[in-house]
Amino acid sequence: MDASLILDPLNDAQRTAVSAQAGNLLILAGAGSGKTRVLVHRVAWLIQVERVPAWGVLAVTFTNKAAREMRRRIEEMLGIPIGGMWVGTFHGLAHRFLRAHWQDAGLSQQFQILDADDQFRLVKRVLKAMELDEARWPPRQIQGFINKQKDAGLRPQHLDTGVDFFTEKMIGIYREYESARARGGLLDFADLLLCSLELLRTRPDILQHYQRRFQHILIDEFQDTNAIQYAWLRLIAGQEGSLFAVGDDDQSIYGWRGARVENIQSFQQDYPDTQVVRLEQNYRSTGNILTAANALIANNPSRLGKNLWTEDSDGEPIRRYAAFNEVDEARFVVERIRHFVEHEGYRRDECAILYRTTAQSRLFEESLLQARIPYRVYGGLRFFERAEIRDALAYLRLVGNPDDDGAFERVVNTPTRGIGERTLELLRGRARQSGISLWQAALDLIEAGELPPRAGGAIQRFVALIREQGRSSLDPDLAGITRRLIEAVGLAEFYRKNKDGKGQDRIENLDQLVDTAARFELELEDEEGDPLGTFLAHAALEAGETQGEDLGDGVQLMTLHSAKGLEFPLVFLVGLEEGLFPHSLSAEDPVRLEEERRLCYVGMTRAMQQLFVTHAESRRLYGREEYPSPSRFLSEFPPSLIEEVRGGGIARRGNPATGVWGSGSVGSGIEGFRLGQRVRHPKFGEGVVLRSEGEGSSARIQVNFAGVGAKWLVLTYARLEPVSEHPRT
DNA sequence: CAAATCGTTTTTTTT
DNA sequence: AAACGATTTG
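Residues numbered from 1 in each chain as written. Chains lettered and ligands numbered in written order. Predicted model: local features only at pLDDT ≥ 70, side-chain atom pairs only at ≥ 80, totals over all residues. Heavy atoms only, no water.

What follows is about the overall build of chain A. In terms of helices and strands, chain A carries 27 helices and 23 strands. A burial count over chain A gives 53% of its 729 residues as buried. Look at the contacts in chain A between residues 6 or more apart in sequence, and 74% of them connect residues 24 or more apart. In the structure as shown, chain A presents an accessible area of about 32500 Å², 49% of it carried by carbon and sulfur atoms. (Helix = DSSP H or I, 4+ residues; strand = E, 2+ residues; numbered from the N terminus. Buried < 20%, exposed > 50% of the residue type's maximum accessible area, 1.4 Å probe, protein only. Contact = heavy atoms within 4.5 Å. Areas by Shrake-Rupley, 256 points an atom, 1.4 Å probe, with all protein chains shown as cover.)

Structure, rendered in structure tokens:
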């Protein structure tokens, strides 16, 4: 076929990678160096030039978004549907694999997936059953422990119990969790991968089939793979298959959930014949942005080393704004965005606000709302994670599999139908002692007449209700089932009456669930298997977009993590403060600190034309007023590339202490100090004016001094001098 | 048994 | 500050 069409748009390094002969390749691809493009072109090359059949290609990504994007671009390039090619996320593909081999893997045919929240609840139930105190055995921590083991490929029986009492107990809980999970016919996220791996390990025949089939395996974001994922890849590749791994150690930001950057080094050791290609030319950002990002990341000792460069001009300096508090920060950002949109011809969706933690989005949303600028928030609560949706899904799960205890507990009494804690305790007791599900326990107890009449009646009605729905669940009309279920079970009624102001929203979401089911049905048409189960798996694996795309042109708000892989002409990187970014939970540990720095690097390299970085001198955090110092990352940028911005419209700043919009200068007749202004005190050194109160001789101002913290000073006594601006270290 | 209140805890990122 | 859980009240 036409090789030139595939190779011409590429630079030398990209071309080398795309047209390499079969064999193992490691592409170290810097931010904005055309990583996805290389992957897509490689696939096209394999198919059109090397004549590899589509079903011989396996392409794995990490997120659903990336998978969709890759599939779309491959299809666009090839001009035909993707056919038998496997393109998807690790979890998605593993799920597909297990559905096909459920028998071999010893799973129930309608096994369901436990998402993070389900898993958390299950851990809690296990703890309760074991009569352990949650204060002493925090469920979050247990969940973390379990996932860590699983991500490393370790089942309870692989663990050494003899270490200490604590570990022994943890392993005990892990064991209980596993049996409860298996009893319910459930797999958690890690199980999807682990079970696939175990199946491939124990069944050479199956392994061989896949090894023969997938001669070419491409991996995106290789630095994010964990131990099992890497093992899985190696296994499928076997001796014959070619691995094409694309990654960037500087963008490894998922260490906390088991990702192992070391896999990049391991790869080179495990496959000594590996050809390494570096993509260092950046097509995204200006010179200044790249220089700053390079300088920042150079502070990480453990990296493979790489320097991005561009043919682009230096561009604008990086602009840094020191807000005096978080409200001012939001105001500044929104003001700038408005300016760019109104006067410089930017579209709103070309502007992105990136932050470290989800909670930070709220202030920006409020500011945008006030300014009547449309926006779109990514992350946060996703569609399938909403309470009402989870309720409805739990019903669906229960209908498909009454032994699903998690679903049972969630909905037996939602909406309330007179089944309270006491009754549930009876059920749990029976379930525990007979080793059966809550559903079975309910049936037993009814049969034995061992329930108090009132509770017994309620349980009986509940059982009948679920059975009733179960009867209709065989037909493939997903949307119909869902709609009927929501009505029959009383959820619709429940939320309609529910008067917390969100009832209407919830009803709308439930309606939307029906729509989603209908659309899913259409996509499903050609596939076999039970539609309900597939739908539920879909809900767990793809929690769905946070907001519909229908909002069109809006400012984009997201966490740094979800910004990976995206780019924006205008980027506002906000909240660059010690404690927030780097986050206080990571600041102590050098390894995690490096990851925070990479996160910052990721954020910076999202910017194409202009980058703004902001921090606040004071911030309300966890209900307290904090006075964080500027992030150490700020001082790692080359000072010559930074331009300090004095907030436009200082005169209109609100005084957060009084809520009054004032002139912003303090004390009448006294040399005015602006909020946010830098001042020097003979004893405390340099600081920043945070707020003021009072007038004349009683006027006080609060100043945040580096090292000393925030102090209230009486203006007439404190010998404060204004300091001319210069960037702090 | 359900609803309301009170006190407590928890604050990162997500397939 | 908000969300959660335990406790008390109806």
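Strand order in the open sheet made by the six strands is 3-2-6-7-1-8, with parallel pairing throughout. The sheet is open, and its two borders are formed by strand 3 (86-89) and strand 8 (275-279), each paired with just one other strand. Each neighbouring strand pair of the sheet contributes to a mean axis angle of 15°, computed without reference to strand direction. With four bridges connecting them, strand 2 (residues 57-61) and strand 3 associate as parallel partners. (Pairing = 2+ DSSP bridges. Axes fitted to C-alpha atoms, helices over the stretch in contact; angles between N-to-C directions.)

Glancing now at the pairing of strand 9 (residues 318-325). Most of strand 9 is tucked away: eight of the eight residues are buried. Strand direction decides the pairing type here: strand 9 and strand 14 (residues 607-621), joined by six bridges, are parallel. Across the sheet, residue A322 finds its bridge partner in strand 14, namely H615.

Around DNA strand C, the structure places K124, R362, R620 and G623. At 2.7 Å from a phosphate oxygen of DNA strand C is found a side-chain nitrogen or oxygen belonging to K124. (Near = heavy atom within 4 Å. Polar contact = N/O pair within 3.5 Å; in protein donor to acceptor, adjacent residues only side chain to side chain.)

It is worth spelling out the pattern of salt bridges at this point. As enumerated under the stated definition, the model contains 53 salt bridges in all. As a salt-bridge pair, R598 and E595 come within 3.4 Å of each other at their nearest N and O atoms. Taken as a pair, R598 and E595 lie in helix 27 (residues 590-604) at a separation of three residues, close to a single helical turn. What makes R598 buried here is its relative accessible area of 8%. (Salt bridge = Lys/Arg side-chain N within 4 Å of Asp/Glu carboxyl O.)

Here we come to the environment of I146. Within the secondary structure, I146 is located in helix 7 (residues 139-151). Here I146 falls in the buried class, since its relative accessible area comes to 0%. When the C-alpha atoms of I146 and E75 are compared, they prove to be 39 Å apart, with 71 residues separating the residues in sequence. Not counting residues within four places of it along the chain, the set of residues in contact with I146 comprises Q119, V123, Y174 and Y177.

For the rest of this paragraph, the subject is the packing of aromatic side chains. According to the stated counting rule, one finds 22 aromatic pairs in the structure shown. Between F90 and W232, the aromatic rings sit 5.9 Å apart at their centres with planes inclined by 65°, giving edge-to-face as the arrangement. Taken together, the residues F90 in helix 5 (residues 90-100) and W232 in helix 11 (residues 227-237) connect sequence positions 142 residues apart. Each member of the pair, F90 together with W232, is buried. Pairwise contacts between aromatic rings join Y321, F332, F340, Y346, F572 and F612 into one cluster. (Phe/Tyr/Trp six-rings, centres within 6.5 Å; stacked < 30°, edge-to-face > 60°.)

What follows concerns the domain arrangement of chain A. Frequently, the measure chosen for interface size is the accessible area that the parts lose on association. Considered domain by domain, chain A is made up of domain 1 (3-101 + 193-281), domain 2 (112-184), domain 3 (285-381 + 545-664), domain 4 (383-543) and domain 5 (666-729). Put simply, the middle of domain 1 and the middle of domain 4, counted by C-alpha atoms, are 39 Å apart. Taken residue by residue, the interface counts six residues in domain 1 and four residues in domain 4. Broken down residue by residue, the surface that domain 1 buries against domain 4 is led by N64, H95 and R99, which jointly contribute 71%. Linking domain 1 to domain 4 there are one salt bridge. (Domains from an automatic or database assignment. Buried area = accessible area lost by both parts, 1.4 Å probe.)

Another aspect to go through is a negative patch on the surface. Judged by side-chain charge, D505, E508, D511 and D515 come together as a negatively charged surface patch. Within the element layout of this structure, E508 appears in helix 23 (residues 503-524). Relative accessible area serves as the criterion here: at 43%, E508 is assigned to the partly exposed category. (Patch = residues over 30% accessible without salt bridge, like charges linked within 9 Å, V, L, I, M, F, W, Y side chains within 5 Å. Lys, Arg positive; Asp, Glu negative; His and termini not counted. Charge placed at Lys NZ, Arg CZ, Asp CG, Glu CD.)

Attention shifts here to the pairing of strand 14. Counting buried residues along strand 14, twelve of its 15 residues qualify, which places the element largely inside the surrounding structure. Relative to strand 14, strand 13 (residues 568-573) runs parallel, the two being bridged by five bridges. Note that in strand 14 the partner of F572 across the bridge is F612. Of the pairings in the sheet, the one linking strand 14 to strand 15 (residues 624-626) comprises three bridges and is antiparallel in character. Note that in strand 15 the partner of R620 across the bridge is E625. Turn length for the strand 14-strand 15 hairpin, with the two strands adjacent in sequence and antiparallel, is two residues, and the turn residue Y622 shows positive phi of about 50°.

Another aspect to go through is helix 6 (residues 116-129). With 14 residues, helix 6 should reach 20 Å at 1.5 Å per residue; the first-to-last C-alpha distance of 20 Å fits that figure. Residues of helix 6 that are buried: D118, Q119, F120, L122, V123, V126 and L127. The inward-facing, buried residues of helix 6 contact strand 4 (112-114), helix 7, helix 8 (165-183), strand 5 (186-188) and helix 16 (387-400). Among the residues trailing helix 6, E131 stands out with phi positive, at a value near 55°. (Expected span 1.5 Å × (residues − 1).)

To continue, consider the confidence of the model for chain A. Reading predicted coordinates in detail is not appropriate for stretches of low pLDDT. Averaged over every residue, the pLDDT of chain A is 84; the share at 70 or more is 89%. Looking across chain A, the model is least confident in strand 18 (residues 660-661), with a mean pLDDT of 32, and most confident in strand 6 (residues 216-219), with 96. Below pLDDT 50 for its whole length, residues 649-671 participates in 42 contacts with residues either more than four positions away or in separate chains. A low-confidence stretch, residues 725-729 (pLDDT under 50), is modelled with 13 contacts involving residues beyond four sequence positions or located in other chains. (pLDDT = per-residue confidence, 0-100.)

A separate point is the environment of R175. With respect to the element layout, R175 can be found in helix 8. Judged by its relative accessible area of 43%, R175 is partly exposed. With 538 residues separating them along the chain, R175 and L713 place their C-alpha atoms 59 Å apart. Residues within four places of R175 in sequence aside, it is in contact with P156 and T161.

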